[in-house]
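Read off the chains here:
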Amino acid sequence: MQLIQETADLSAYLAADEAIDHQHPVVRETAARLAADAADSYAYARLAYEFVRDAVPHSADTGDPRVTWRASDVLARRTGICHAKAHALAALLRAEDIPTALCYQRLLDGDGHVVHGLVAVRFHGAWHRQDPRGGKPGVDARFSLGAERLAWIPDAARGELDHPVLYAAPHPAVLDALRTAPDREALGRALPSTL
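Residues numbered from 1 in each chain as written. Predicted model: local features only at pLDDT ≥ 70, side-chain atom pairs only at ≥ 80, totals over all residues. Heavy atoms only, no water.

### Re the pattern of salt bridges
Right, on to step 1. Within this structure, the stated rule accounts for 13 salt bridges.
Right, on to step 2. Of the charged contacts, one joins glutamate 18 and arginine 179 as a salt bridge, the two residues approaching to 3.3 Å between their closest N and O atoms. Of this pair, glutamate 18 sits in the loop between β1 (4–5) and α1 (25–35) while arginine 179 sits in helix α6 (residues 172–180), and the two are 161 residues apart along the sequence.
Right, on to step 3. The partly exposed category is assigned to glutamate 18, whose relative accessible area is 41%.
Right, on to step 4. The salt bridge partner of aspartate 73 is arginine 70, with a shortest N-O separation of 3.7 Å.
Right, on to step 5. On the basis of relative accessible area, aspartate 73 is assigned to the partly exposed category, the value being 24%.
Right, on to step 6. By sharing partners, the salt bridges in this structure join Glu18, Arg70, Asp73 and Arg179 into a single network. (Salt bridge = Lys/Arg side-chain N within 4 Å of Asp/Glu carboxyl O. Helix = DSSP H or I, 4+ residues; strand = E, 2+ residues; numbered from the N terminus. Buried < 20%, exposed > 50% of the residue type's maximum accessible area, 1.4 Å probe, protein only.)

### A few points about the layout of surface pockets
Right, on to step 1. Space inside the largest pocket adds up to approximately 590 Å³.
Right, on to step 2. Looking at the largest pocket, it is lined by 25 residues, and the ones nearest its centre are His58, Cys82, Asp109, Val114 and His116.
Right, on to step 3. Those elements that provide at least two residues to the lining of the largest pocket are α5 (82–95), β2 (100–109), β3 (112–123) and α7 (184–190). (1 Å grid on protein atoms, 1.4 Å probe; cavity = no way out; pocket = protein on both sides within 12 Å on 5 of 7 lines; lining within 4 Å. Points joined across faces, edges and corners; volume = space filled by probe spheres on them.)

The structure is reproduced here in structure tokens:
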């Protein structure tokens, strides 16, 4: 699949916004702590990815009803769904000047489809998708600049697909659902099933 930048301006993929608040002290402190153990930007990106994947549990896996969406809140509260974890990873990567996009998949979940959030990082002139969702039985996502190691591979026969657009900011429909849902159960009903 060919990934399509929403904008040709790479600086948009380094910007801070309401959700990817990489100038927040919590994000900056976390980034500095991770960067201290990294020899270069690739090593930092891998460490940031593994931190969000492993140290920020997916709220559906833990049964946590809280909804986080701002990167600083995700890192402070250590919980979030895939979209929130993607915002946190994007903020950590952008804090260290690594262009990072938000991207999405449409996946079958039970009787309906859901939009799943992940990120893409830019290294060596190309975009590489990463899924910080976190592991659970049957899910083994890993950081890779080679072959993708995502949590799920969409099955077109089931109506699943990869959205090719690389967004500089969270998709408005996803962000609106995250910001307005009082709990994770309500969020499940509010998130779009397609973009």
